[in-house]
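Coordinate inspection notes
The primary structure of each chain is shown beneath.
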Amino acid sequence: MIVDLQNLTKVFPSRNKKEKEMVTAVSDFTFTIPDGKLVGLLGPSGCGKSTTLYMICGLQKPSSGKIFFGDNDVTQLPPESRGVGLVFQNYALYPHMTVKQNIMFPLQNLKGADKLDKDEMLKRTVEVARIVQIDDLLERKPNELSGGQQQRVAIARALVKMPRVLLLDEPLSNLDARLRLQTREEIRRIQRETGITTVFVTHDQEEAMSISDMIVVMKKGVVQQTGHPQDVYNSPENLFVAKFLGTPPINVFDATVRSGKVYIGDEAVIDVPDVPDQEVIVGIRPEGFIVRPEGRFHCALNGVEVMGRDVSLVMNHPAMNVPVIRAIIDADVTVDPEATEVGFDIKRNKIFLFEKETEARIFFEV
Ligand code: ATP
């Protein structure tokens, strides 16, 4: 099912009588979710992710704009007529019901032509339980399950009505780190196996990047960039997107372009013959540093951290715009931890320039 979002805007009236201002939670959101894909809606708290999801499922009506499922305009349809499955962060299971009864519950409420007989309900319940791999737990009560197993019951409950679109709102937030990792891979597998078009809301960029076919990065209700996660990481269109994606985060500096060279402090770190003279903001990904004592850029060394495969240099520089600079270097390159300074050359495809005022990307030949 293709989901087409056209110019969606949601404005909430102010709750505070003194403040007349309205809250624009989502502004002119246009995006087509391809059939059978998993799309991650990503952005910091309050950027409008949940509101977008609720408009897709019908819990919120857009102030303007349209939503199509395939050729059908569903903008005015109530949630129960849209054929969506929704999993919330707080997936309340019915504590007095078994897993089987919990999953089957939505089917028992089907009316009219959709009504199913008991055998069919059971068949579907067992089938989705198998997909989420809890078919051996059907007779248990929720309090006899782990957090991850409970989450799978919630997903099974959303899947059992065979939704056309599956919507997941921060479904992993209540799980511990290990279980999060495991469950997100599960969600990916389930999504692939069922082929249901899925929207996944999260503020965790790593989570979104690891399981999504496409991501939509939002800021203050406005879409900043959409695309394949790796493409967005490799080519952010503005400073916000560059800073939001990546762990450790991108290193940011105040800099100047003069006579075709980018100066950080008084060092010309790369040549950009096609960029006019101006003040800029520079972002360098942690993996963009090549250790070279006679290199074009030098930072003061604070420490060397060895974490498994990675060697991380923790540094500072007078022009930095972040609390600390982190460079991830090859484990076979030796850096003296006692050194006060480290020299680098910078990989051209790992350094980005942004306009000082608008923070939009300034492109140059790589
Ligand atoms: P989070 O990650 O914290 O859940 P979010 O990105 O999902 O955030 P939304 O919940 O969509 O953000 O909220 C977007 C904006 O709209 C916020 O500023 C929020 O305060 C505001 N908002 C959301 N719901 C309402 C409402 N019912 N009335 C007024 N303002 C609202």
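Cut-off values and rules
Residues numbered from 1 in each chain as written. Predicted model: local features only at pLDDT ≥ 70, side-chain atom pairs only at ≥ 80, totals over all residues. Heavy atoms only, no water. Domains from an automatic or database assignment. Contact = heavy atoms within 4.5 Å. Buried area = accessible area lost by both parts, 1.4 Å probe. Salt bridge = Lys/Arg side-chain N within 4 Å of Asp/Glu carboxyl O. Polar contact = N/O pair within 3.5 Å; in protein donor to acceptor, adjacent residues only side chain to side chain. Near = heavy atom within 4 Å. Areas by Shrake-Rupley, 256 points an atom, 1.4 Å probe, with all protein chains shown as cover. Helix = DSSP H or I, 4+ residues; strand = E, 2+ residues; numbered from the N terminus. Buried < 20%, exposed > 50% of the residue type's maximum accessible area, 1.4 Å probe, protein only.

Segmentation of the protein into domains returns domain 1 (3-242) and domain 2 (248-362). The distance between the C-alpha centroids of domain 1 and domain 2 comes to 38 Å. Counting residues at the interface gives 8 residues for domain 1, matched by 11 residues for domain 2. Of the roughly 870 Å² buried between domain 1 and domain 2 on both sides combined, carbon and sulfur atoms contribute 51%. In this assembly, domain 1 and domain 2 are joined by 0 salt bridges. At the junction of domain 1 and domain 2, the tally comes to 7 residue pairs in polar contact (both at pLDDT 80 or more).

All right, on to the site of the ligand then. Around the ligand, the surrounding shell holds 13 residues, and the nearest of these are Ser45, Gly46, Lys49, Ser50 and Thr51. In this structure, Cys47 approaches the ligand through a main-chain N or O atom, which is 3.0 Å from an oxygen atom. At 3.0 Å from an oxygen atom of the ligand is found a main-chain nitrogen or oxygen belonging to Gly48. If the ligand stood free it would expose 640 Å²; the protein chains cover 66% of that surface. Elements with a minimum of two residues in the shell around the ligand: strand 2 (23-33) and helix 1 (49-57). Ranked by residue count, the leading element in the shell around the ligand is helix 1, at 3 residues.

Applying the stated criterion across every chain, the model contains 17 salt bridges. Across the pair Glu139 and Lys100 runs a salt bridge whose closest N-O atoms are separated by 3.1 Å. A residue pair is termed long-range when its members are at least 10 positions apart, and Glu139 in the loop between helix 3 (118-131) and helix 4 (147-159) and Lys100 in helix 2 (residues 99-108) qualify at 39 residues. By relative accessible area, Lys100 is classed as partly exposed at 23%. Note that Asp271 and Arg296 form a salt bridge whose closest N and O atoms lie 2.8 Å from each other. Here Asp271, found in strand 13 (residues 267-271), pairs with Arg296, found in the loop between strand 15 (289-291) and strand 16 (297-307); they are 25 residues apart in sequence, far enough to count as distant.

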